[in-house]
Protein chains: 2
Amino acid sequence: MNAEQFRRAGYQAIDRICDYHVTLRDRPVLSQVEPGYFRKVLPSSAPTQGEDFQLIADDYQNTFEGILAELYASSTSNPGFNWSVSPAYTKLEAVVMDWIAQLLGLDESFYNISEVGGGVIQPSASESALVATVAARSRYIHEHPQVAMENLVLYTTTQTHSLGKKAGLDDFALRGDTLKVALEEDMNAGFHPFILIGTVGTTSSGAVDRLDEIADVVSILRVTKHYPFLWLHVDSAWAGVAFVCPEYREAYQLPAINSYVDSFCTSFYKWGPIQFDGSCLWVRHRKHLTDALDVTPVFLRTKYGNALGLGKRFRSLKFWFVLRARGVKGLQKYISDGIKLNTKFAQSIYEPELFSVITKPSLAMTVFGLAPKSSPQLSTPELNILNRAFYARLAARNDIALTQTDLNEVFYIRMVIGAEQTLESDVDRASALMKSEAMVLLKK
Amino acid sequence: MNAEQFRRAGYQAIDRICDYHVTLRDRPVLSQVEPGYFRKVLPSSAPTQGEDFQLIADDYQNTFEGILAELYASSTSNPGFNWSVSPAYTKLEAVVMDWIAQLLGLDESFYNISEVGGGVIQPSASESALVATVAARSRYIHEHPQVAMENLVLYTTTQTHSLGKKAGLDDFALRGDTLKVALEEDMNAGFHPFILIGTVGTTSSGAVDRLDEIADVVSILRVTKHYPFLWLHVDSAWAGVAFVCPEYREAYQLPAINSYVDSFCTSFYKWGPIQFDGSCLWVRHRKHLTDALDVTPVFLRTKYGNALGLGKRFRSLKFWFVLRARGVKGLQKYISDGIKLNTKFAQSIYEPELFSVITKPSLAMTVFGLAPKSSPQLSTPELNILNRAFYARLAARNDIALTQTDLNEVFYIRMVIGAEQTLESDVDRASALMKSEAMVLLKK
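Please read these numbers as outputs of a predicted model, since none were measured by experiment.

Remarks on the overall build of chain A
- On a plain count of helices and strands, chain A comes out with 14 helices and 10 strands.
- The 444 residues of chain A split such that 55% are buried.
- For chain A, the accessible area works out to roughly 19000 Å², and carbon and sulfur atoms hold 53% of it.

The structure is reproduced here in structure tokens:
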């Protein structure tokens, strides 16, 4: 959709919202549909090729890709409590999450239609991790009622957590042996690890935890130590989006996700054509989620089932609009274009023997620093000073926005390519200006 | 703003979004402002009379009441992490929350400009309560590091909690004596109550906890038992909105809120011209919030300060649009019109000697049940059966939407008036159809 197509669809959206409000008095106050109608009228997967937006618009009665969906979603006062007050909210979300599960190649046990597992849209990846943690803790306490709350341990693998600082990290990813030692230490000390939040594509460096090794360690402990309840949650907020392209599934551990994890999260707003908010969370057993979180008060209990949360926005609408308008092919192109551009960027950075790339380019992200071959004698603290000065020069410019990170006390710069409008010429310009800023700095 | 005004402003919004995207390449990638610019250019309180929307639209550069704000907010990919990436997000929120604090008559210690307390927008009232609880727990544990986690106790006053079921409830509100007994019992048993979530205007019945009595009990215990840390959070999700009309402040405990509570929440999406989501949370000491929740990762640390949360939507924009378009007078009219209509409804319900009203009408809500004077011998279980049948008849209709509740095992029906479009004739029609459904049922 280009700007002129957006203008036409936007005017139409405004007109339809006006019509809706003008005719509001003549409409029934309750929805005129029966439970189950949604699955019947919607296809069971996202279209392969993108559809014409007029078709999509016509399917949203009374009332168009990301911005238009948010406009429509905000045009009615729709609390989203439960099926009875907002049937389209609750059902479209269930259908769209199955579309996305297929799109990413997730195992069918995660589909809503399985009626065992299922997917829900959370505001952000943080909320997804929080919901998984609450469900895991609730399950653990239910099964081990004698365990004191402060002996429960949550494992994460970010560089800020002590586990992440241990020696077993390889390319900043968690390995099985590290986990094994940590689990045994903690369990011998009387602690109860109840959840491990693994990461596929960390924000700092793009590291991918070895879920296969992690699953092996957990499986062995399950058998030998009667320890059945370490919940595996995988946070793949930005990298997971790349699963839309089958060629990245193996390298980014999708087979292990499909075989072993209890919950999985990815967020198209981090990388993709869907604006914030809306993080996709799937669980293997929806029961653990509902057991922990269903607190439906009497005034929201209806014959069509209870609320899973209280109020929520109509987030599934933008996923539906975007998936339909782009199709599987359109999303794949979005992702692979970004990866191609980043590969080009990383190659251009290697050339002048000025930079070091910390890990291999990770999808659409390169983490790098100045490490001039002409001064091989520089120590890490000296390189950090040099790189902070380099970053300060780049941050002072108005034509580029980069971010910084700290990996085992080494200062690095992060280059991320995510916007659809980014062209090869932008990447060329970015690497050219980095080289020239580096040269100016090194001359000083 | 009527539908035709919305249509014009909507077309304009679409045009501006198109212009923005077409000219994106020529714009600087970072914001061109310095910290502090926002306070300087914005008035320190909401306008008394509503402003013309063209003025408001012109203030949102590149880019109009609730729907239009959401449209604009969704038109840029703005992560809202911190000041550096999204200065307008973080600063408009601080300014608008001070506008609303003034509008409600909150004590100045809650203002952001106080730099001690402050207000933030959370997605919903549940998140506001969660954030307050996390901050209270963090403060408590910090001060009492020896206390075991499972001995911490959270007090709420909803009818579902055991405390709410105790005898001291008066009109379903918590009284000081009840709290005193509960606190002493729990403390003698080795438990540590660390937060009390009081309610001003419960969802079920509109009950108002006696915050003055609660504060007295807590103050005495603070002195006599060296017990300094029971955090008082007041959830006034829907009723608190009525503080925009000064005549309701006394009855709904605003003086006690201003004198005693640690945090206070109200949600204009529950009752008011601002659509979901966006709940207003104020704390007396922002330090407790930041100590508990600031986890800024390295890649988001900037010279302009750290992130308080990670990604967030630009929610303050709709508050800003609505406050400016309606002005204080407009919001006051919205609220007082709803209360007037509900008073009329409650009076019409009393008339035919068919109904009992459970508590006095609460602002814009009436909680009532069938209790025909002609059958004074009916027991509570018999009345419950009658009222469930009555509610089922009403729920089967397409022209009215009501909700149910359960107050100490008595079934009641809730009539809530919140929409701006509701007319006196709608209320007359609602009470007429309730009477006729009741008569038909009673004849059976």
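Re the relation of the copies chain B and chain A
- If you rotate chain B by 180° and push it 0.1 Å along the axis, it lands on chain A with an RMSD of 0.0 Å. Given the turn and translation reported, the copies of this chain are related as if by a two-fold rotation axis. The C-alpha atom lying nearest the rotation axis in chain B is that of L71 of chain B; the distance is 2.5 Å.
- When the interface residues of chain B are mapped onto chain A, 100% of them again lie at the interface, so the same face is used by both copies.

Quick notes on the pattern of salt bridges
- Overall, the coordinates contain 34 salt bridges over all chains when judged by the stated rule.
- A salt bridge links D212 of chain B to R210 of chain B; the shortest N-O distance between them is 3.3 Å.
- Members of the salt-bridge network, linked through shared partners, are R175, R210, D212 and E213 of chain A.

A look at the interface of chain B and chain A
- On the side of chain A, 55 residues touch chain B, which itself brings 55 residues to the contact.
- Approximately 4700 Å² of surface area, both sides summed, lies buried where chain B meets chain A, with 63% of it carried by carbon and sulfur atoms.
- Our enumeration of links across chain B and chain A arrives at 2 salt bridges.
- Across the pair D15 of chain A and R7 of chain B runs a salt bridge whose closest N-O atoms are separated by 2.9 Å.
- Where chain B touches chain A, the interface holds 4 residue pairs in polar contact (both at pLDDT 80 or more).
- Residue assignment for the side of chain B that touches chain A shows that the elements contributing at least two residues are α1 (3-22), α4 (66-73), α6 (125-143) and β9 (403-407) of chain B.

Quick notes on the packing of helix α12 (residues 316-350) of chain A against helix α14 (residues 424-443) of chain A
All names here are of chain A.
- Relative to each other, α12 and α14 sit at 25°, their axes nearing to 10 Å. With respect to each other, α12 and α14 are oriented roughly parallel. In this structure, the crossing between α12 and α14 has a hand that is right-handed. Facing L341, K344, F345, S348 and I349 of α12, the residues of α14 in contact are E424, V427, D428, S431, M434 and K435.

Comments concerning the pairing of strand β2 (residues 152-156) of chain A
All names here are of chain A.
- Along β2, 4 of the 5 residues are buried, which leaves the element largely enclosed by surrounding structure.
- Where β2 meets strand β3 (residues 192-199), 5 bridges bridge the pair, whose relative direction is parallel. Opposite V153, over in β3, you have P193 as the bridge partner.

Topic: the sheet that holds strand β2 (residues 152-156) of chain B
Residues and elements named next belong to chain B.
- The 6 strands are arranged β1-β6-β5-β4-β3-β2 in an open sheet whose pairing can be described as mixed. Single-partner strands in this sheet number two, and they are β1 (118-122) and β2. Averaged over all pairs of adjacent strands, the angle between strand axes in this sheet comes to 20°, irrespective of strand direction.
- Its contacts with the sheet put helix α8 (residues 176-188) on β2 and β3 (192-199), and the angle it makes with β2 is roughly 165°.

Points about the state of the cysteines
- Scanning the model with the defined rule gives 0 disulfides over all chains in all.
- In this model C18 of chain A remains outside any disulfide bridge; the closest cysteine sulfur is found in C18 of chain B, 17 Å from its own.
- With relative accessibility at 1%, the residue C18 of chain B sits in the buried group.

Examining the sheet that holds strand β9 (residues 403-407) of chain A
Residue and element names in this part refer to chain A.
- With antiparallel pairing, 4 strands are arranged side by side in an open sheet as β7-β8-β10-β9. What marks the edges here is a single partner per strand, and that holds for β7 (355-357) and β9. For this sheet, the mean angle separating the axes of adjacent strands, direction not counted, is 40°.
- The pairing of strand β8 (residues 365-370) with strand β10 (residues 410-416) spans 4 bridges and is classified as antiparallel. By the bridge assignment, M365 is partnered in β10 with V416.
- Where α12 meets the sheet, its contacts fall on β7, β8 and β10, and the angle it forms with β8 comes to roughly 15°.

Looking at the packing of helix α1 (residues 3-22) of chain A against α1 of chain B
- Relative to each other, α1 of chain A and α1 of chain B sit at 160°, their axes nearing to 9 Å. When the interaxial angle is binned, α1 of chain A and α1 of chain B end up roughly antiparallel. The interaxial crossing formed by α1 of chain A with α1 of chain B has right-handed handedness. Taken together, the residues of α1 of chain B that come into contact with α1 of chain A (itself represented by A3, F6, R7, G10, Y11, I14, D15, I17, C18, D19 and V22 of chain A) are A3, F6, R7, G10, Y11, I14, D15, I17, C18, D19 and V22 of chain B.

Quick word on the packing of aromatic side chains
All names here are of chain A.
- If you walk through the whole model with that rule in mind, you get 21 aromatic pairs over all chains.
- Taken together, a centroid distance of 5.9 Å and an interplanar angle of 70° make the contact between Y391 and F411 edge-to-face. Taken together, the residues Y391 in helix α13 (residues 380-395) and F411 in strand β10 connect sequence positions 20 residues apart.
- Y391 sits in the buried class, given a relative accessible area of 15%.
- For F411, a relative accessible area of 4% puts it in the buried group.
- Ring pairing ties together the aromatic residues F345, F355, F368 and F390, which thus form one cluster.
- The ring of W320 is capped by R324, whose NZ or CZ atom sits 5.0 Å from the centre of that ring.

Considering the domain arrangement of chain A
Residues and elements named next belong to chain A.
- Here the domain parsing of chain A yields domain 1 (87-328) and domain 2 (351-443).
- On the surface where domain 1 and domain 2 come into contact, there are 1 salt bridge.
- The residue E420 makes a salt bridge to R326 at a minimum N-O spacing of 2.6 Å.
- When its residues are assigned to classes, the side of domain 1 that touches domain 2 shows 7 nonpolar, 6 polar and 2 charged.

Observations concerning the UniProt feature "modified residue: N6-(pyridoxal phosphate)lysine" (unreviewed entry) in chain A
Residue and element names in this part refer to chain A.
- UniProt's entry tags K270 with the feature "modified residue: N6-(pyridoxal phosphate)lysine" (unreviewed entry), counted in the numbering of this structure.
- Here K270 is to be found in the loop between β5 (263-266) and β6 (279-283).
- Note on K270: relative accessible area 38%, which makes it partly exposed.
- If sequence neighbours within four positions are ignored, K270 has contacts with A237 and W238.

Focus on the side chain of N387 of chain A
- Tracing the backbone shows N387 of chain A in helix α13.
- Residues contacting N387 of chain A, with those up to four places away along its chain left out, are G369, L370, F411 and I413 of chain A.

A look at the side chain of S236 of chain A
Residues and elements named next belong to chain A.
- Mapped onto the elements, S236 comes out in the loop between β4 (231-235) and α10 (254-260).
- A polar contact of 3.0 Å, which involves the side chain of S236, links it to the backbone oxygen of V200.
- Apart from the residues within four sequence positions on either side, S236 is in contact with V200, V241, F264, C265, T266 and S267.

Notes on unusual backbone geometry
- In this structure, E115 of chain A takes a positive phi of about 60° despite not being glycine.
- Residue position: E115 of chain A is located in the loop between α5 (87-104) and β1 (118-122).
- Among the residues examined, E115 of chain A registers a relative accessible area of 63% and is labelled exposed.
- One non-glycine residue with positive phi stands out, namely L363 of chain B, at about 50°.
- Among the secondary structure elements, L363 of chain B is positioned in the loop between β7 (355-357) and β8 (365-370).

Quick notes on the rules
Residues numbered from 1 in each chain as written. Chains lettered and ligands numbered in written order. Predicted model: local features only at pLDDT ≥ 70, side-chain atom pairs only at ≥ 80, totals over all residues. Heavy atoms only, no water. Helix = DSSP H or I, 4+ residues; strand = E, 2+ residues; numbered from the N terminus. Buried < 20%, exposed > 50% of the residue type's maximum accessible area, 1.4 Å probe, protein only. Areas by Shrake-Rupley, 256 points an atom, 1.4 Å probe, with all protein chains shown as cover. Least-squares fit on C-alpha atoms with pLDDT ≥ 70 in both. Contact = heavy atoms within 4.5 Å. Salt bridge = Lys/Arg side-chain N within 4 Å of Asp/Glu carboxyl O. Buried area = accessible area lost by both parts, 1.4 Å probe. Polar contact = N/O pair within 3.5 Å; in protein donor to acceptor, adjacent residues only side chain to side chain. Axes fitted to C-alpha atoms, helices over the stretch in contact; angles between N-to-C directions. Parallel < 35°, antiparallel > 145°, perpendicular 65-115°, else oblique. Left-handed = near helix turned anticlockwise from the far one by under 90°. Pairing = 2+ DSSP bridges. Disulfide = S-S within 2.5 Å. Phe/Tyr/Trp six-rings, centres within 6.5 Å; stacked < 30°, edge-to-face > 60°. Lys NZ or Arg CZ within 6 Å of the ring centre and 35° of its normal. Domains from an automatic or database assignment. Nonpolar A, V, L, I, M, F, W, Y, C, P; charged D, E, K, R; others polar. UniProt positions renumbered as here; feature names shortened; annotations may be inferred.

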